[in-house]
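Residue-level structural notes
Chain by chain, the residues:
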Amino acid sequence: PGGHSDYILPPIQNPLETFLNEFQEEIGYEFEGQTSPSGLFTNRDTGGINVLYVARSDRTFQRIEESWRNAKDRNEHDSLFSATEQDIRQLAQTGKAIVRGKEHATTPFMQDCFALSINLQPA
């Protein structure tokens, strides 16, 4: 999940709270795991400043997918898939990956997020 928030109207007091709200809207359940900030960088798509969080949950992918199917803002994403580190590395480097026979593509901003999540230098 991800989202863009305006730091002016209304002002953001807590970026983690904003992330958790986006998680609820896009994945469909209140996050109950561990989060930690992983990076702060400029979004090459919008020019805004982004905070990247790593989130770990005990939920199985199947349970996460079931929640996502009923999420309020599910339509913001056309797919949800369980990715290996190699899949994430491929998305970070090329913006594309084939996972279980289906090609997935991402934006330059998400390439940077994937790169930071596995400690690669963003483009």
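First, a word on scope: everything that follows refers to the structure included in this document. Throughout this document, residue positions are counted from 1 along each chain, in the order its sequence is written. In view of the model being predicted, local features appear only for residues whose pLDDT reaches at least 70, and side-chain atom pairs are presented and counted only at 80 or more, with totals across whole chains, interfaces and linings using the full set of residues. The basis for every side-chain value is the complete set of non-hydrogen atoms in the structure, without hydrogens or water.

Concerning the overall build of the protein
Here a strand is any run of E in DSSP of at least two residues, a helix any run of H or I of at least four, and the numbering for each starts at the N terminus. Check the secondary structure of the protein and you find four helices and four strands. Sequence-ordered secondary structure for the protein, helices as α and strands as β, is α-β-β-α-α-β-β-α. Remark: exposure states derive from per-residue accessible area (1.4 Å probe, protein chains only) relative to the maximum for the residue type, with buried under 20%, exposed over 50%, and partly exposed in between. Each of the 123 residues in the protein was classed as buried or not, and the buried ones make up 28%. In this description, contact between two residues means that some pair of their heavy atoms is separated by no more than 4.5 Å. Excluding contacts between residues fewer than 6 apart, the proportion of contacts in the protein whose partners are at least 24 apart in sequence is 42%.

Concerning the packing of aromatic side chains
Aromatic ring pairs are reported here in terms of the distance separating the ring centres and the angle at which the planes meet. Geometry of aromatic contacts follows a simple scheme: Phe, Tyr and Trp rings, the Trp one being its six-membered ring, pair when their centres are within 6.5 Å, and the pair is stacked under 30 degrees between planes, edge-to-face over 60, tilted otherwise. Summed over the entire model, instances satisfying the criterion amount to three aromatic pairs. Through a chain of ring-to-ring contacts, the aromatic side chains of Phe19, Phe23, Tyr29 and Phe31 assemble into a single cluster. By definition here, charges over rings are those cases where NZ of Lys or CZ of Arg is within 6 Å of the ring centre and within 35 degrees of the ring normal. Geometry around Tyr29 places Arg59 over its ring, the cationic atom sitting 3.5 Å from the centre. In this structure, Arg74 packs its charged tip against the face of Trp68, placed 4.2 Å from the ring centre.

So, the nonpolar core
The biggest cluster of nonpolar side chains holds eight residues, and these are Phe19, Phe23, Ile27, Tyr29, Phe31, Tyr53, Ile64 and Trp68. At the level of secondary structure, the elements contributing two or more residues to this core comprise α1 (15-27) and α2 (61-69). Here the element with the most residues in this core is α1; it accounts for three residues. Discounting chain neighbours no more than four positions away, the residues touching Ile64 are Ile27, Tyr29, Arg59 and Leu80. Joining through side-chain atoms within 4.5 Å is the link that ties buried Ala, Val, Leu, Ile, Met, Phe, Trp, Tyr and Cys residues into a set, and such a set is a nonpolar core.

Notes on a nonpolar patch on the surface
Like charges within 9 Å and nonpolar side chains (Val, Leu, Ile, Met, Phe, Trp, Tyr) within 5 Å are joined into patches, using only residues over 30% in relative accessible area that form no salt bridge. The accessible surface values rely on the Shrake-Rupley method and a 1.4 Å probe; as for residues, cover is taken only from the protein chains in view. In the sections that follow, a salt bridge refers to a side-chain nitrogen of Lys or Arg positioned within 4 Å of a carboxyl oxygen of Asp or Glu. Together, Leu40, Ile49 and Val51 make up an exposed nonpolar region whose accessible area comes to about 280 Å². By the secondary structure assignment, Leu40 is in strand β1 (residues 34-42).

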